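Residues per chain are reported as follows:
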Amino acid sequence: MKLLTHNMLTSHVKGVTKGYPLLIKATEVKVNEVDFNPQFVSRMIPKLEWSALVQAADELGQRQDLPGELVPEYENNEEFLKKVHRVLLEVEVIEGCLRCPESGREFPISRGIPNMLLSEDEV
Amino acid sequence: MMEEAASQLERDHVHSVYDKIAPYFNDSRYKAWPKVQQFLLDLQPGSIVADIGCGNGKYLHINKEVFKLGCDVCRPLVDFAWSQGHEVQMCDGLHLPYRDGCFDAVLSIAVIHHLSTKERRIRAIKEMARTLQVGGRIMIYVWAMEQKRRKFEKQDIFVPWNPNPHSPSGFTSEHAKPRRRATAQSVSEAIDNADKHRKVRSTSSVADEEEDLTCATPQQSTQRLWFFSRSLDSVFDFGSLAISRSSSRDLSTLSSPTGENEGNQASKRGRGRRLIKQVSSFFLSPPVIGSEEDVFDSVTDLHKGQNDPGCNNNNNGTENQSVSVSLTRECGSLALPDLVPFQKEHLKQSGEEREGGLQGKEQQESTMSPQGSEGQVEGSCLRYYHVFREGELAELIENHVEELHVKQTYFDHANWCVVAEKVQLWKI
């Protein structure tokens, strides 16, 4: 699971209103090399919940010097975009779980795949 | 209760079937449909797209300028998609784990026809609409009732999955897609281990399945390869639940596709699900098929067929090929969602079974549960479909999903297709 994906994921346990962002507990993390496409990253940024990204990167110990707030005019700031690229697309959780911040329910991540299936009593 | 029956049906005749047949999906015949491909290629660079019900991820590699993620309930298929380098999750279409308005586009290709009630199909569409950004678009493909060569006579059907639909001969070797991750994926291994000279076809593509249904081999030429059912929506109209005696006799012919041993296990299992089974058995009840005369004719055929040496017990014939060939040969004489080879066993017991239509159903269900251990696909893979009439999908959206506006509707490769746009709803 990449952090770009994580940014979209939310807890959908019945009754939960503050299920985002999911807290990450990782037991295995990989950092891959992914081709850098500055335009792609730049266009992704407005779609992100920035603070959720920073928090996730932090939880994985991968934040490095990613700023807590978006820098102005980031579109042309290649250094900044590279940092964003790294946390969004190169950091990957292979094993661990995602925890609902409200209910505590844990969704396992195994072999890179988060299992978000709910059981009958959770829907 | 309808909800339970619906999800039970989908577990048995969608989820567990795909779990079993997943290894066979990953072959070279799986191509992306051009119009879906074009929809993806037309997206603005930097878009985020979700393929809901992505299966083995065949659409997830299209268009490097957009971020794609996929999800599905079928673990083996999702594993395979991941092995190809895609971002995928396990989830179910009625409860999407994505925040509101986070996608620029959504795909739902050959998915919602597996939902067994109208209400669930609407909910699935609404869920997808929820995750779409205003201005974002969804493309939905569902199997059409009206096909080029035929029209399905009913909308709610079971389609047996045939690993080898065209002919027993004429195999070509398959090449598994290259793995882009180092981790060994069990599904890829299954492909590697399978007989490489086997031509395996997945039947989830209707265009290909059309050919399957008309049968390539002479012996199959008059066979019908789908079975009718009753819509769950109509089962809960209690007038229709007053099933006649003749139909409970028909229920008794829903045989156990497994041998006696498993029959015993089945009767121990599932007693608690009696009510759901009862409902489901109405759902599978023969009287909806053509006329009653057809059903009785089929039963008579079975009596004749009892001594037919061609009737192989499924437990004996262990090759997928012979199972599928005998299944398709036998099933053609029968309009029931059933496995003929075991009918003769069941008919012997028919005295007890008469009142025990439920037991028959239990035994049938025991076959439907995953038996992946041998790595073989039992002939019992019947997938449930609700095939759509012309205009039905667009109407469903127009009448029930006000947050979507239909932009295009068309017919493509035996599917009805809709592209719709998410709109802002103004609430006063």
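Residues numbered from 1 in each chain as written. Chains lettered and ligands numbered in written order. Predicted model: local features only at pLDDT ≥ 70, side-chain atom pairs only at ≥ 80, totals over all residues. Heavy atoms only, no water.

Attention shifts here to the overall build of chain A. For chain A, the helix and strand inventory stands at four helices and four strands. Traced from its N-terminal end to its C-terminal end, chain A shows the element sequence α-β-α-α-α-β-β-β. Sorting the 123 residues of chain A into buried and exposed places 49% on the buried side. Approximately 5800 Å² of chain A is accessible, and the part contributed by carbon and sulfur atoms is 44%. (Helix = DSSP H or I, 4+ residues; strand = E, 2+ residues; numbered from the N terminus. Buried < 20%, exposed > 50% of the residue type's maximum accessible area, 1.4 Å probe, protein only. Areas by Shrake-Rupley, 256 points an atom, 1.4 Å probe, with all protein chains shown as cover.)

Let us now look at the interface of chain B and chain A. Listed per partner, the contact involves 33 residues of chain B and 32 residues of chain A. Carbon and sulfur atoms supply 56% of the area that chain B and chain A bury against each other, a total of about 2600 Å² over both sides. Linking chain B to chain A there are three salt bridges. For Asp104 of chain B, the salt bridge is made with Lys47 of chain A, and the minimal N-O distance between the two is 2.8 Å. (Contact = heavy atoms within 4.5 Å. Buried area = accessible area lost by both parts, 1.4 Å probe. Salt bridge = Lys/Arg side-chain N within 4 Å of Asp/Glu carboxyl O.)

Turning our attention to helix H2 (residues 34-41) of chain B. Residues and elements named next belong to chain B. Listed in full, the buried residues belonging to H2 are Val36, Phe39 and Leu40. Down the axis of H2, the smallest arc covering the buried residues is 95°, so these residues share one side. Looking at the buried side of H2, the elements it contacts are strand S1 (48-52), strand S4 (103-109), strand S5 (132-143) and strand S10 (415-422). (Arc of directions from axis to C-beta.)

Note that the residue after Tyr20 of chain A, namely Pro21 of chain A, is joined by a cis bond; omega there is -5°. In this structure, His413 of chain B is a non-glycine residue whose phi angle is positive, near 50°.

Looking now at the packing of aromatic side chains. Applying the stated criterion across every chain yields a total of eight aromatic pairs over all chains. Centroid distance Tyr74 of chain A to Phe80 of chain A: 6.3 Å. Interplanar angle 45°. Geometry classified as tilted. Judged by relative accessible area, Tyr74 of chain A falls into the buried class, the value being 12%. On the basis of relative accessibility, which here comes to 3%, the residue Phe80 of chain A falls in the buried class. For the pair Phe411 of chain B and Trp416 of chain B, a centre-to-centre distance of 4.8 Å together with 70° between the ring planes defines the contact as edge-to-face. On the basis of relative accessible area, Phe411 of chain B is assigned to the partly exposed category, the value being 33%. One aromatic cluster in this structure is built from Trp50, Tyr74 and Phe80 of chain A. Cation over ring: Lys58 of chain B sits above Trp33 of chain B, and NZ or CZ is 5.2 Å from the ring centre. (Phe/Tyr/Trp six-rings, centres within 6.5 Å; stacked < 30°, edge-to-face > 60°. Lys NZ or Arg CZ within 6 Å of the ring centre and 35° of its normal.)

The next thing to look at is the pairing of strand S6 (residues 156-160) of chain B. All names here are of chain B. Within S6, five of the five residues are buried, leaving the element largely enclosed by the surrounding structure. Of the two faces of S6, the one carrying Asp156, Phe158 and Pro160 and the one carrying Ile157 and Val159 are both buried. Relative to strand S8 (residues 382-386), S6 runs antiparallel, the two sharing five bridges. Each bridged residue has a counterpart across the sheet, and for Ile157 the counterpart in S8 is Tyr385. (Pairing = 2+ DSSP bridges.)

All names here are of chain B. Scored by pLDDT, chain B comes out at a mean of 65, with 48% of its residues at no less than 70. Low pLDDT, under 50, characterises residues 165-179; the predicted model gives this stretch 42 contacts beyond four residues in sequence or across chains. Scored below 50 in pLDDT, residues 236-272 makes 79 contacts in the model with residues more than four places away or belonging to other chains. Two summary scores accompany this predicted model of the complex, namely pTM at 0.68 and ipTM at 0.97. (pLDDT = per-residue confidence, 0-100.)

Right, let's get into helix H3 (residues 75-83) of chain B. All names here are of chain B. The buried fraction of H3 amounts to nine of the nine residues, a majority that puts the element mostly inside the structure. Of all the residues in H3, the buried ones are Arg75, Pro76, Leu77, Val78, Asp79, Phe80, Ala81, Trp82 and Ser83. In the stretch just after H3, Gly85 is the one whose phi turns positive, near 95°.

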